[in-house]
Amino acid sequence: MSKTKLDEINRNIYNIKNKDEYDFKIKKGLTPEIIEEISKQKDDPKWMREFRLRALEVYNKLELPTWGPDLSELDMNEIATYVRPKTSLSTSWEDVPEDIKNTFDKLGIPEAEKESLAGVGAQYDSEVVYHSMKEELIKQGVIYTDMESAVKKYPELVKEHFMKCVPVHDHKFVALHGAVWSGGSFVYVPKGVKVDIPLQSYFRLNSPESGQFEHTLIIVDEGASLHFIEGCSAPKYNKVNLHAGCVELYVKDNAYLRYSTIENWSKNMLNLNTKKAIVGKNAKMDWVSGSFGSKISMLYPMSILNGEGAKSEYTGISFAGGGQNLDNGFKVIHNAKNTSSVVNAKSISKNGGKCTYRSLVRINENAGGSKSSVSCESLMLDDISISDTIPVNDIRTDDVEFSHEASIGKISDKTIFYLMSRGLSEEDAKAMIVRGFAYPISKELPVEYAVEMNNLINLELEGAIG
Amino acid sequence: MEKLKLNETPVRTSRNFNINNIKLENVVIPERLGNFNHVTIKAETSKIEISNNTNPIDLTYGLGEELTSQVAKQANQKLKVKIDSKTNQEIQIGFQFDKENTQLVDNIEIEANEDTKSTIVIKYDSQKDVEAFHNGILKVQAKKNSKLNVILVNFMNLESNHFLSIENTLEENAKVQYTIIDFGGKNSITNYYSNIVGNSADNRLNTIYLGNKDQLFDLNYIAELRGEKSNIDMQVEGALKDTAKKHFKGTIDFKKGCKKATGNEAENCMLLSDTARSLALPMLLCSEEEVEGNHSSSAGKVGDKELFYIMSRGFTKKEAMKLMVKAKFNKILENIKSEELREQILNEIDERLN
């Protein structure tokens, strides 16, 4: 009997490998000397150099996680943590070297910038190679720049927020990030300014046996709003690459931030990323997350609802194919009265892939009147894949409404039969069911990403129902 | 004093979530045990074989090495119940803690042979002023086509410690239903594991817990489905008052080969005070495609509207609360056929909620 066959994601575009040319590549490993050298290369101010060295000390003290996917193949002595491409930061695509520009062209970044974005940042290996934003936003006081420039141009603002939302002690890979971070974006949206068109940063790792450690810091001030999109990809190499980025989001009172991610790293990537938002009074934080790539992913965005009436919504999908272990989920801490959170997580496992939904909902003693609703659904497309759901619900006060539900299963034969009785072929019926399964997520994505996601979910059927 | 680490989940999650295991302070595992003589057994002994010929202890999970080995080496009560009769049998086993009987380490084995049908009630009760210690293992072998109904009642006082490891093996078409009434113990820590190996085997686990003062419940329920068309249903209803705390860890694990198996898990916690705490980890693990698994978990206080409605009929707030709790527990209590036992449980709820 043959089975439903879901196409692997077409990686041709993402697999473009440029020659490993760089201006500077740090030697592999992790020592104080290497950190000092990165700091020197980046011309860090003193406080940042000291910060990096302290983070390295913390890294050396912390253990690897005792849970989740096996990370034993990660050997930091085999990873170069800093690779500076052969170009400096440009504000015009014309100034970006041809091979790098071609890569971003094929990924559709300049095109998207023209059509539907208010600003774009593009990182290649460890440095941002392109950054630009529409003139009217600059006039409104919006800051959108690479992280290094922000450290130098806005030292007070950066010092006040840098790794305060995600402290280096959080876990080992955050400490690693603190020591070797490079690149990333800094966004500040002033009070009351509504940025109607999204900003986008795209992260591309080309260099083999290296890591990317970009730092994204976004401050949406009181009453302001922003939609930020993050995309990432890399060509596939035989040895592991590491991504340990860090995203810190400050959503101040009455502000709104939507953070969308399409993660499509190559299947030799260990994606050990950390994302956290602190949400103020009556503010709202929305996360939209599509996770398709990586060999191993451990990613659990977190909202800390610190202001009364703060809200957070998480909508995410993971799609694990052969050889992939995607351990994703969401964490929310209700830390003030009348806060609310909604989680809608989906996963699809096929071809021996493993998806795990891992989460935490904590409603603290001071968060009376809060509500939380969690739903997660998993779809198994064959009997060699694995799908696990590991949610923790920690309720510390009585005046709450909390509910969690999860389900797991295969495509229902009855539903296929029903659709076929309405004239659809079996292939179309299955395609429709899988697209329908993913629809609540794809409808939250910008159109071009939703189309891409639907292309990814391209069903091919052979013979009878499996 | 070294903390006692117990009840590890089959799969770990982040240590910061404080749920992978439980660490207890101020619990002493007695090194030397006295006798425990206050045991009552009611059964038709011509049809049921009761002996102390238990097998060596061998647990897949259990609460932890220290407690398991205590039962293996020091059990002061061993009971093997062998059911061969095809007619419906009822066995009642009662352990009563009092001033002379304060420490019980029991090893109970139940062997329900092919095509048998039986109900076993095991009750742990204690006098009010006794600081009791209980550590037990209950091992059940449900053979082909057997039907077994196990009712476990924990009415121990709030000064005592109650530790229990349960392990079941279900063969083809075996039906095993558990009703667990978990009210007692300053610490009530239970590990429940079902290995559902037989095709069409069916395991239902219904628990009610009721916590007050500073009680702590740590319930680690694990079901591994291996048989085709096998089933597990876990239904857990609880209420917590004062500063009582509950950890519920429920795992349904669909192992490869359990085609067309189903698993459902529902856990609901009523919070009766703003200092009570409910921590839950309802896990679904799946390595098989053709299965259906669902879990749900909820927590919240008693609905104001419902309370108001009952109070408008002349009840005090406390009475209204009790009614709501009993109503919530009622569906599970219906599994208990003995009216006398049901009555005892309802009285116990009244008393504990006073």
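## Remarks on the overall build of chain B
(1) Moving on: Broken down by element type, chain B carries four helices and 20 strands.
(2) Moving on: Over its C-alpha trace chain B gives a radius of gyration of 20 Å, about what one expects of a compact globule, namely 20 Å for 354 residues.
(3) Moving on: The principal-axis extents of the C-alpha atoms in chain B amount to approximately 55 × 55 × 45 Å.
(4) Moving on: Looking at chain B as a whole, 59% of its 354 residues are labelled buried.
(5) Moving on: In chain B, 84% of the contacts between residues at least 6 apart in sequence involve partners at least 24 apart.
(6) Moving on: Element-wise, carbon and sulfur atoms account for 43% of the exposed surface of chain B, whose accessible area totals about 14,500 Å².
(7) Moving on: With 48 positive and 52 negative side-chain charges, chain B shows a separation of 2 Å between the mean positions of the two kinds.

## Some points on the pattern of salt bridges
(1) Moving on: Tallied over the full model, the rule gives 41 salt bridges over all chains.
(2) Moving on: Here Asp413(A) makes a salt bridge to Lys410(A), at a shortest N to O gap of 3.5 Å.
(3) Moving on: The closest approach of N and O atoms between Lys80(B) and Glu111(B), which form a salt bridge, is 3.4 Å. On the criterion of sequence distance, the pair formed by Lys80(B) in strand S5 (residues 77-83) and Glu111(B) in strand S7 (residues 103-112) is long-range, its members being 31 residues apart. Glu111(B) shares its class with Lys80(B); the two are buried.
(4) Moving on: Through salt bridges with shared partners, one network takes in Arg258(A), Lys284(A), Asp286(A) and Glu313(A).

## So, the nonpolar core
(1) Moving on: Leu226(A), Leu138(B), Tyr178(B) and Phe254(B) are the most contacted members of the largest nonpolar core, which totals 103 residues.
(2) Moving on: Tallying contributions element by element places strand S15 (residues 216-225) of chain B first for this core, with five residues.
(3) Moving on: Ranked by size, the runner-up nonpolar core spans 52 residues in total, among them Met48(A), Val166(A), Val168(A) and Ala179(A).

## Digging into the interface of chain A and chain B
Note: interface size is frequently given as the accessible area lost on complex formation between the parts.
(1) Moving on: Taken residue by residue, the interface counts 42 residues in chain A and 40 residues in chain B.
(2) Moving on: Contact between chain A and chain B buries roughly 3,200 Å² in total, counting both sides, with carbon and sulfur atoms accounting for 51%.
(3) Moving on: Three residues, Asp383(A), Asp398(A) and Ile408(A), lead the burial of chain A against chain B; their summed loss comes to 18% of the area buried on that side.
(4) Moving on: Seen at the junction of chain A and chain B, the total is four salt bridges.
(5) Moving on: With a shortest N-O distance of 3.9 Å, Arg15(B) and Glu63(A) are connected by a salt bridge.

## Focus: the pairing of strand S19 (residues 302-305) of chain A
Residue and element names in this part refer to chain A.
(1) Moving on: Side chains of S19 alternate between two faces, with Met302 and Ile304 and Ser303 and Leu305 buried alike.
(2) Moving on: Bridge count between strand S16 (residues 274-279) and S19: four bridges; the pairing is parallel. Residue pairing in the sheet places Ala277 in a bridge with Ser303 of S19.
(3) Moving on: In the sheet, S19 pairs with strand S21 (residues 325-334) via four bridges, with the strands oriented parallel. Following the sheet pairing, Met302 is matched in S21 by Lys331.

## A look at the layout of surface pockets
(1) Moving on: Quantified by volume, the largest pocket comes out at close to 710 Å³.
(2) Moving on: As for the largest pocket, its lining consists of 29 residues, of which Trp67(A), Asp170(A), His171(A), Ser14(B) and Asn16(B) are closest to the centre.
(3) Moving on: The set of elements that each furnish at least two residues to the lining of the largest pocket consists of helix H8 (172-180), S16, strand S18 (296-299), S21 and strand S23 (354-363) of chain A.
(4) Moving on: Residue classes in the lining of the largest pocket are distributed as 13 nonpolar, seven polar and nine charged.

## A word on the packing of helix H3 (residues 317-333) of chain B against helix H4 (residues 339-353) of chain B
All names here are of chain B.
(1) Moving on: Two numbers describe how H3 lies on H4: the axes approach to 10 Å, and their chain directions differ by 145 degrees. Where H3 crosses over H4, the handedness of that crossing is right-handed. Seen from H3, the contacting residues are Lys318, Lys322, Val325, Lys326, Phe329 and Leu333; seen from H4, they are Arg342, Ile345, Leu346, Ile349, Asp350 and Leu353.
(2) Moving on: Here the contact of H3 with H4 is composed, by residue class, of seven nonpolar, no polar and five charged.

## Looking at the packing of aromatic side chains
Residues and elements named next belong to chain A.
(1) Moving on: Under the definition given, this model contains 21 aromatic pairs over all chains.
(2) Moving on: Centre to centre, the rings of Phe162 and Trp181 are 5.4 Å apart; their planes meet at 50 degrees, and the pair counts as tilted. Taken together, the residues span a long stretch of sequence, with Phe162 in the loop between helix H7 (155-161) and H8 and Trp181 in the loop between H8 and strand S7 (185-189) at a distance of 19 residues. The burial state of Phe162 is the same as that of Trp181; both residues are buried.
(3) Moving on: Centroid distance Phe292 to Phe319: 6.3 Å. Interplanar angle 40 degrees. Geometry classified as tilted. With Phe292 in the loop between strand S17 (284-291) and S18 and Phe319 in strand S20 (residues 311-320), the pair connects residues that are 27 residues apart, well separated along the chain. For the pair formed by Phe292 and Phe319, the shared burial category is buried.

Conventions adopted
- Residues numbered from 1 in each chain as written.
- Chains lettered and ligands numbered in written order.
- Predicted model: local features only at pLDDT ≥ 70, side-chain atom pairs only at ≥ 80, totals over all residues.
- Heavy atoms only, no water.
- Helix = DSSP H or I, 4+ residues; strand = E, 2+ residues; numbered from the N terminus.
- Rg over C-alpha atoms; globule rule 2.2 N^0.38 Å.
- Buried < 20%, exposed > 50% of the residue type's maximum accessible area, 1.4 Å probe, protein only.
- Contact = heavy atoms within 4.5 Å.
- Areas by Shrake-Rupley, 256 points an atom, 1.4 Å probe, with all protein chains shown as cover.
- Lys, Arg positive; Asp, Glu negative; His and termini not counted.
- Charge placed at Lys NZ, Arg CZ, Asp CG, Glu CD.
- Salt bridge = Lys/Arg side-chain N within 4 Å of Asp/Glu carboxyl O.
- Core = buried A, V, L, I, M, F, W, Y, C linked by side-chain atoms within 4.5 Å.
- Buried area = accessible area lost by both parts, 1.4 Å probe.
- Pairing = 2+ DSSP bridges.
- 1 Å grid on protein atoms, 1.4 Å probe; cavity = no way out; pocket = protein on both sides within 12 Å on 5 of 7 lines; lining within 4 Å.
- Points joined across faces, edges and corners; volume = space filled by probe spheres on them.
- Nonpolar A, V, L, I, M, F, W, Y, C, P; charged D, E, K, R; others polar.
- Axes fitted to C-alpha atoms, helices over the stretch in contact; angles between N-to-C directions.
- Left-handed = near helix turned anticlockwise from the far one by under 90°.
- Phe/Tyr/Trp six-rings, centres within 6.5 Å; stacked < 30°, edge-to-face > 60°.

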